[in-house]
Each structure stands twice: as C-alpha cells, then as structure tokens.
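# Remarks on the overall topology
Letter by letter, the chains look like this.
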Amino acid sequence: MNMMNFPAFTMPENSDALPISERCDSNLARVLAAGEFAVTGELGPPKGHDPEEVRSKARLLLDCVDAANVTDNQAAVVRMSSIAAGQLMMDEGVEPIIQMTCRDRNRLAMQADLLGAYALGLRNLLCLSGDHQSCGNHPGAKNVHDIDSMQFLRMMKEMRDESRFQCGEEIPGGGPRFLIGGAANPFADPAEWRPYRLAKKAIAGADFVQTQLVYDMDRFREYMKRAVDMGVAEQLKIIAGVGPLKSAGMARVMRDRIPGMSVPDAIIDRMTAAVAGIDTENKPERSAAWRAEGIKICIEQVQEIREIEGVAGVHIMGIEWEEAVRPIADAAGLLPRPVIEA
Amino acid sequence: MIVAEQKPLNEIKSMLKGYNKVLAVGCGTCVAVCFAGGKQEVGLLSASLRMSTDLDGEAVNVDEAIVQRQCEKEYNAPLEAELEQYDAILSLGCGVGVQSLAQQFPGKRILPALNTKFMGYPAEHGVWEDRCQGCGNCVLHLTGGVCPVSRCPKSLFNGPCGGSQDGICEVNQEAECAWHVICENQLKLGLFDEMMEVQPAKDWSSARDGGHRRIVREDVRIPDEEKA
Amino acid sequence: MSTDEKVLNADDETFVPEVVAFCCRHCAYSAADLAGGGRMSYSPSIKIVELPCTGRANSLEILHALEKGADGVAVAGCLPGTCHYIRGNTQAKHRVTHVKELLKTIGLEEERTRMINISAAMGAQFVAEFTDFVETVKALGPSPLSGETGNTRTGS
Ligand code: SF4
Ligand code: SF4
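Residues numbered from 1 in each chain as written. Chains lettered and ligands numbered in written order. Predicted model: local features only at pLDDT ≥ 70, side-chain atom pairs only at ≥ 80, totals over all residues. Heavy atoms only, no water.

## Quick notes on the sheet that holds strand β7 (residues 127-132) of chain B
Residue and element names in this part refer to chain B. On the basis of which strands lie adjacent, the open sheet formed by three strands has the order β1-β6-β7 and antiparallel pairing. On the outer flanks of this sheet lie β1 (2-6) and β7, each paired with one strand and no other. Each adjacent strand pair in this sheet contributes to an overall mean axis angle of 70°, direction not counted. Strand direction decides the pairing type here: β1 and strand β6 (residues 114-124), joined by five bridges, are antiparallel. Paired with A4 across the two strands is T116, which belongs to β6. (Pairing = 2+ DSSP bridges. Helix = DSSP H or I, 4+ residues; strand = E, 2+ residues; numbered from the N terminus. Axes fitted to C-alpha atoms, helices over the stretch in contact; angles between N-to-C directions.)

See the structure below:
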C-alpha cells in the first residue's frame with residue numbers, strides 16, 4: 001500500500017461551543033465535562049422480546065459504567081430495538097447510549113424515533129453508518145443510507161443547537177438535547193486518513209467518539225498523537241474501545257478476518273501461552289485460562305490507555321460477556337464510578 | 001452503457017408456459033455490447049428454449065428478431081406486421097426496451113429475458129462494474145471522478161468508513177473501496193481540503209426517490225402540429 | 001437416419017452417432033488427412049467442418065448443430081500454446097465450456113460436446129481422440145433432439 005501524503009490540518013477554533021455539560025444533561029456528559037476518565041459499556045439487546053434479558057445484562061453493568069451502548073441491529077441482525085432496550089436499561093439504573101445506524105432508517109424515521117427516545121428520557125446517542133445488511137440475517141433487505149454518519153452527526157447537532165429539523169424547519173419547543181457520539185476506527189485504511197476523519201466528525205457535530213477495539217497500542221498512540229497535534233482531542237472526547245479476548249482463536253479471527261482490526265502477534269502469543277500445559281481436550285479449563293488471560297491483558301491495556309494524552313475514557317466491550325466488565329473496571333482502578341450532581 | 005444479464009433459462013421457461021409461438025427480440029445497442037441481448041445471445045437463448053422445451057415434450061416455437069435500439073419506438077415499428085402470429089414476445093432488451101415494446105404493442109404479452117443491472121463500465125473484457133445509479137445530481141466533481149453513490153455500498157459522502165482495509169471494501173473482498181480511490185484522487189488533484197468539508201445530506205428528490213422522473217427539452221421537442 | 005432407426009440400431013448396438021467436428025485447418029484438419037492417408041480408420045459418421053482456426057467456432061453454431069440433431073459436436077484445435085492466431089484455441093475452449101453450461105440448463109448431456117487439442121502431425125492421436133468421443137456419445141445414445149418431432153425448424 002502506497003503511503004498517501006495528506007496536507008497538514010489544524011482543527012478550526014470552536015470558541016463559542018457550549019461546554020459539554022451544557023449541551024446535554026446526561027450522566028456521561030457530566031462525567032466527561034468534569035474531566036473524569038469515563039467508562040462506558042455495551043449491551044446487545046436480545047433476538048427476542050424478553051425484557052428480562054435486557055434487565056439482567058443491565059444489572060451486570062450497574063455502577064461499573066457511566067453509561068452503556070445499546071446496539072442497533074448489530075451486525076445487521078434483527079434484535080430488539082435499541083430505544084426500547086435503552087428504556088428497559090434505564091429502569092435498571094444504567095444510563096443508555098442509544099446506537100442508531102443509517103442503514104435502517106431515513107432522515108424522517110431517525111428524527112421521529114429520536115424525538116421519541118428523548119421523550120422517554122434517553123440522553124446519549126451514537127450515530128453510525130451501520131454494517132452492511134449483506135453480513136446479517138436479512139441480506140435481501142433494502143438498505144437506506146439516506147444520510148451518512150457524518151451527516152447524521154450534523155443533523156443531531158442542528159436539532160440540538162439550532163432547534164431545527166434536518167429540513168430547516170423549527171422544532172416546536174426546541175430540539176432534543178442529546179450527547180452526540182460517533183464511532184472511530186484508528187486501524188482502518190487509509191491509515192493516514194483516520195485522524196482527519198476524527199477531526200471531521202468533531203466538525204460535523206460529535207461530542208465524543210468511541211473507537212474500535214484497541215489491541216495495537218503502538219498504532220493507537222500514534223493516532224492519538226496526531227489527534228492531539230491537530231487539536232481534535234481538545235474539542236472531542238475520545239473514548240478508547242477495549243475488550244477482553246475469549247481465546248487465542250478469537251484473537252486470530254480478529255486479526256485475520258475482520259476488516260479494520262489490528263491485533264499484534266504479541267497478544268496472540270500471550271493468549272496461546274495461556275493454555276500451555278492444559279490438555280486440549282480439557283475445554284472448560286482451557287476456556288477459563290484464556291478468559292483469565294483475556295481479562296488480564298484488558299486490564300493492562302486500560303492502564304496503558306489511561307496514560308495516553310487526549311484519551312477521555314474507555315469503552316469496555318464484553319461481547320456476550322458482560323460479566324467481564326466489572327472485574328476489569330475494578331482491577332484497573334476505575335471503580336467506584338464518580339457521582340456528579342446535575 | 002446499460003448492463004444486463006440473462007435470467008436463468010428455467011425462469012424464462014416458466015414465464016413462457018402456455019405460449020406456443022414466441023418471438024425473441026434482441027437489441028443491437030447496450031445489451032449487445034455487454035453480450036446479454038445482441039444477435040448472438042438471441043440465437044443462443046432461442047435455440048436453448050427450443051431444445052429444452054422440446055426435451056420437455058412441450059416444444060415452444062421460438063423465432064428470432066433483432067432491432068437496433070429497442071428503447072426507441074421508431075426502431076421497433078417494423079416488428080408490428082409480424083406480431084400477429086406470436087402469442088408472446090420475449091424481449092432481450094434492457095428494462096427500457098421491454099417497456100417500450102409493452103407500450104408500443106398494448107395487448108401483447110411482453111416478457112423480460114434479461115435482468116437489467118446497472119449503468120456500467122467494462123472494467124475488462126467480460127467484467128462490468130456499476131458506475132452510476134442515475135441519482136440525478138452528480139457529485140463526481142467533489143469525489144475525484146469516483147461515484148460514491150454506486151461504488152460505495154453505503155453511499156457515503158464524507159470519506160471511507162471504518163471497514164476500509166488495504167484499499168478493499170469491507171462489504172466485498174473482491175471490490176475496491178471507492179472512498180480509498182477518492183482519497184487518492186483528491187490528494188493527487190490537490191483537492192484534499194474538499195474532503196474535510198462536511199458534505200450536507202444529499203437531496204434525493206432528483207433520484208428515483210423524488211417520484212416520476214422526466215426531462216422536457218422544449219428546444220428539441222417537435223410541436224404537436226408538426227407531428228406526423 | 002430417422003430417430004426410430006437410430007434407436008433401433010442403438011438397441012442392437014449398431015447405433016452410429018452423428019458427430020460434427022469443427023476442425024482447425026492448421027492442426028486437426030491436417031491430422032484427419034494424415035489419418036486418412038495412413039489408412040487409419042475412424043468413425044465414418046464424423047462430419048468434418050474445416051475452420052481457419054477454432055477461434056472461428058461459435059457457441060451458436062455448436063448449439064445449432066446439437067439442436068438440429070447431431071449426437072455430438074467436437075471442436076478440435078491446436079495444442080495449448082500453439083495456436084497460429086495466438087489464442088483462438090483458448091477462446092474455443094471457453095466457448096465449449098459455455099455450451100456445456102447451456103446444455104446443462106437445457107437438459108441435454110454436456111458430454112455431447114468436447115474440446116480436443118491435437119497437432120497436425122498427430123494422425124493416430126486424432127483417431128484415438130475421436131474414437132473416444134464417439135464412444136462417449138454412443139454410450140449416451142441418440143440425441144433426443146435428432147428426430148423429426150418437435151422443434152427442428154430453423155430459428156432465424
Ligand atoms: S453521483 Fe449520481 S449521477 Fe453522478 S455518477 Fe454517481 S449516481 Fe451517477
Ligand atoms: S469500505 Fe469503502 S466502499 Fe466499502 S462501505 Fe466503507 S467507505 Fe464504502
């Protein structure tokens with residue numbers, strides 16, 4: 001791959017921007033505004049309508065995260081709506097970050113659903129393009145992509161800061177005051193473009209971003225340095241994604257098969273070494289050893305990430321392993337979570 | 001050009017159920033160039049249908065014809081005299097060709113033999129790629145001559161998504177990431193600044209979303225009184 | 001020969017398949033000559049069509065021959081890499097493969113067509129290749145399209 005030569009760029013001044021705590025009254029906004037190192041988690045709604053599934057997962061995250069993402073038809077597989085699941089979570093005392101993709105809704109549906117979400121008391125939003133439907137369980141679906149994630153951020157900012165619908169019409173009674181988030185992948189290509197895309201998200205209207213899972217600490221440091229040098233980190237809260245590995249196989253799949261993921265060999269070696277001496281037939285023990293090592297690596301990563309300039313928090317993704325979040329947050333010294341009065 | 005591909009033979013056969021005498025009509029323009037509906041393809045499909053229906057014991061008579069441009073009625077007019085003898089017309093034109101026959105010969109059953117795919121570019125002999133979805137408001141001047149509507153599966157307008165890797169699109173390991181190419185082109189053109197501008201939400205009313213699309217050019221229109 | 005006759009012959013194992021051979025002038029056609037000159041015998045029912053190159057063999061002609069009742073159609077061109085027009089024989093191979101695909105959807109045995117590669121000097125090989133092809137076709141029996149019934153009319 002040829003290196004591309006991108007021209008220098010500095011974030012434009014944004015001196016009249018409101019402080020985060022005044023943009024939105026969510027717990028996450030308050031934590032970020034206070035300069036506390038934020039912790040977010042993630043909850044995947046069930047492929048059915050059992051509210052208990054959401055509630056029990058929410059309880060695993062209670063008091064160990066400041067807010068948790070609720071995915072929106074993640075991987076293009078139909079699941080309980082993120083807004084409905086977000087409400088259930090909120091009832092359990094966990095603040096949700098509603099994910100919404102551009103794949104499934106046009107601008108009318110997005111705005112309508114988000115007005116509804118706000119009415120229910122949901123306050124944080126993550127604006128995504130969405131995985132393509134071809135990788136999910138309805139590959140024959142028509143995708144929407146009326147607007148892209150950047151335009152989505154801009155739309156939400158205008159709804160909030162200018163009380164205008166996307167069409168320009170005024171929103172009676174003012175727009176929903178969401179804390180607006182986006183996703184960022186420091187490891188995708190063109191690699192040189194990534195800090196610029198981050199800047200662009202901030203310009204479009206993001207208050208915070210959550211990154212793809214960080215395993216490659218060197219590349220992440222480089223990325224953060226660019227973000228800091230460009231002045232992006234000043235205007236945008238960058239929350240680094242981390243997640244415990246469950247096995248050496250999972251690490252390899254992530255490295256080899258998932259576009260835009262970087263997993264260094266050293267991590268894979270550590271995972272492989274974790275089961276050294278355990279009989280390959282002894283599945284439960286191997287799994288336990290892997291998981292213990294996965295958590296250990298994750299804790300170390302959180303500690304390293306905390307030291308990187310410009311990082312505002314960690315997003316701990318326990319993919320179908322919500323139980324792992326508490327021990328990681330605890331061992332990394334992130335508990336108890338701060339309580340900041342509104 | 002318009003790129004199309006033949007439907008599976010069995011699907012065509014089931015459309016033809018109940019018809020004994022059929023005229024297959026190809027088109028000598030776009031679909032001939034992409035080897036889907038030219039003279040050769042009309043011949044192959046017609047022979048295949050004759051042979052296959054014969055083997056099934058329900059032989060269908062399939063005759064062959066070709067017009068230079070099926071999407072224009074003037075070219076189709078000479079077919080009219082022969083149509084009487086056919087139970088159905090199997091069109092190997094693009095969707096526009098099929099419809100122009102249907103409009104021109106109401107009451108005649110017109111069946112599509114092709115699936116019209118896209119406005120495409122012959123990337124190499126035998127390979128065609130989507131290049132334009134006719135969105136009605138071209139943005140190629142902003143995107144280094146690469147169409148993000150047709151070539152990015154998510155129709156993004158503001159740069160490559162987080163799945164772009166080694167220039168390949170996350171959606172299809174065989175396809176390049178359109179936005180990777182756009183990045184390269186914009187850099188070469190010294191137009192990178194444009195990439196940092198947040199492109200506003202697209203007005204899709206110029207695309208099919210806007211409803212009936214029609215272009216009227218009074219300057220080339222023939223006044224009613226001059227029409228034959 | 002009518003189908004009835006053919007079927008009859010097939011039953012008493014004297015069915016002689018009608019085979020069309022599209023032969024390139026530079027190789028297979030000369031090889032056939034050589035075989036003939038050397039008094040090597042091959043199936044009398046092979047109808048040879050001389051082509052300037054197998055690149056001239058057209059899918060439609062192969063299919064038409066089968067439509068009109070040929071029991072088998074072979075395309076015989078130069079050995080790989082020795083085409084006088086560089087890649088006529090490779091194109092022919094692609095076309096034969098394409099016709100095979102068509103035959104599958106049509107419902108006719110794809111073994112009724114075959115690409116053969118041969119050089120001008122290979123008289124004996126010509127005989128061997130064609131004998132093998134004729135045997136294959138013979139085993140398949142007469143083409144169900146070879147009768148008077150059904151669609152034997154021309155298309156164009
Ligand atoms: S931007 Fe629109 S008009 Fe231009 S090439 Fe793409 S789809 Fe076609
Ligand atoms: S990888 Fe590139 S082409 Fe594919 S969806 Fe993402 S931006 Fe579009």
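Next comes the rest of the account.
## Some thoughts on the site of ligand 2
By nearness alone, every residue bordering ligand 2 is listed as C152, P153, K154, L156, P160, C161, S164, C169, E170, C177, A178 and W179 of chain B. Tallied by class, the residues present in the shell around ligand 2 amount to nine nonpolar, one polar and two charged. (Near = heavy atom within 4 Å. Nonpolar A, V, L, I, M, F, W, Y, C, P; charged D, E, K, R; others polar.)

## Description of the interface of chain A and chain B
If you look at the interface, chain A gives 36 residues, while chain B gives 32 residues. Counting the surface lost from both chain A and chain B, the interface buries some 2,800 Å², and carbon and sulfur atoms represent 59% of this. Taken together, the links from chain A to chain B amount to zero salt bridges. For the pair chain A and chain B, the number of links is 19 residue pairs in polar contact (both at pLDDT 80 or more). Mapped onto the side of chain A that touches chain B, the elements with two or more residues apiece are α6 (149-162) and α7 (194-204) of chain A. (Contact = heavy atoms within 4.5 Å. Buried area = accessible area lost by both parts, 1.4 Å probe. Salt bridge = Lys/Arg side-chain N within 4 Å of Asp/Glu carboxyl O. Polar contact = N/O pair within 3.5 Å; in protein donor to acceptor, adjacent residues only side chain to side chain.)

## Digging into the interface of chain C and chain B
Between chain C and chain B, the contact holds 22 residues from the first and 18 residues from the second. Both faces combined, the contact of chain C with chain B buries some 1,700 Å², and carbon together with sulfur accounts for 58% of it. Here chain C and chain B share one salt bridge between them. For the pair chain C and chain B, the number of links is three residue pairs in polar contact (both at pLDDT 80 or more). For the side of chain C that touches chain B, the secondary structure elements donating two or more residues are α3 (59-67) and α4 (88-106) of chain C. Tallying contributions element by element places α3 of chain C first for the side of chain C that touches chain B, with six residues.

## Re the packing of aromatic side chains
Overall, the coordinates contain eleven aromatic pairs over all chains when judged by the stated rule. Taking 6.2 Å as the distance between ring centres and 50° as the angle between the ring planes, the aromatic pair formed by F9 of chain A and Y196 of chain A counts as tilted. Of this pair, F9 of chain A sits in the segment before α1 (20-23) while Y196 of chain A sits in helix α7, and the two are 187 residues apart along the sequence. Ring pairs connect the aromatic residues F6, F9, W193 and Y196 of chain A together with F192 of chain B, which therefore count as one cluster. (Phe/Tyr/Trp six-rings, centres within 6.5 Å; stacked < 30°, edge-to-face > 60°.)

## Some details on the nonpolar core
Counting residues in hydrophobic clusters, the biggest one holds 95 residues, and the most contacted among them are L125, F152, M156, L198, F220, I305 and V314 of chain A. If we skip the residues at most four places from it in the chain, F220 of chain A touches P186, F187, T211, V214, A240, I305, I308 and V311 of chain A. Counting residues in each nonpolar core, the second largest holds 48 residues, with L92 of chain B together with V75, I106 and L108 of chain C among its members. (Core = buried A, V, L, I, M, F, W, Y, C linked by side-chain atoms within 4.5 Å. Buried < 20%, exposed > 50% of the residue type's maximum accessible area, 1.4 Å probe, protein only.)

## Quick word on the packing of helix α10 (residues 248-257) of chain A against helix α11 (residues 265-274) of chain A
Residues and elements named next belong to chain A. At a closest axis distance of 8 Å, the pairing of α10 and α11 adopts a crossing angle of 160°. As the angle between them shows, α10 and α11 are arranged roughly antiparallel. As α10 runs across α11, the sense of the crossing is left-handed. Of the residues in α11, those in contact with A248, A251, R252 and R255 of α10 are D265, I268, M271 and T272. (Parallel < 35°, antiparallel > 145°, perpendicular 65-115°, else oblique. Left-handed = near helix turned anticlockwise from the far one by under 90°.)

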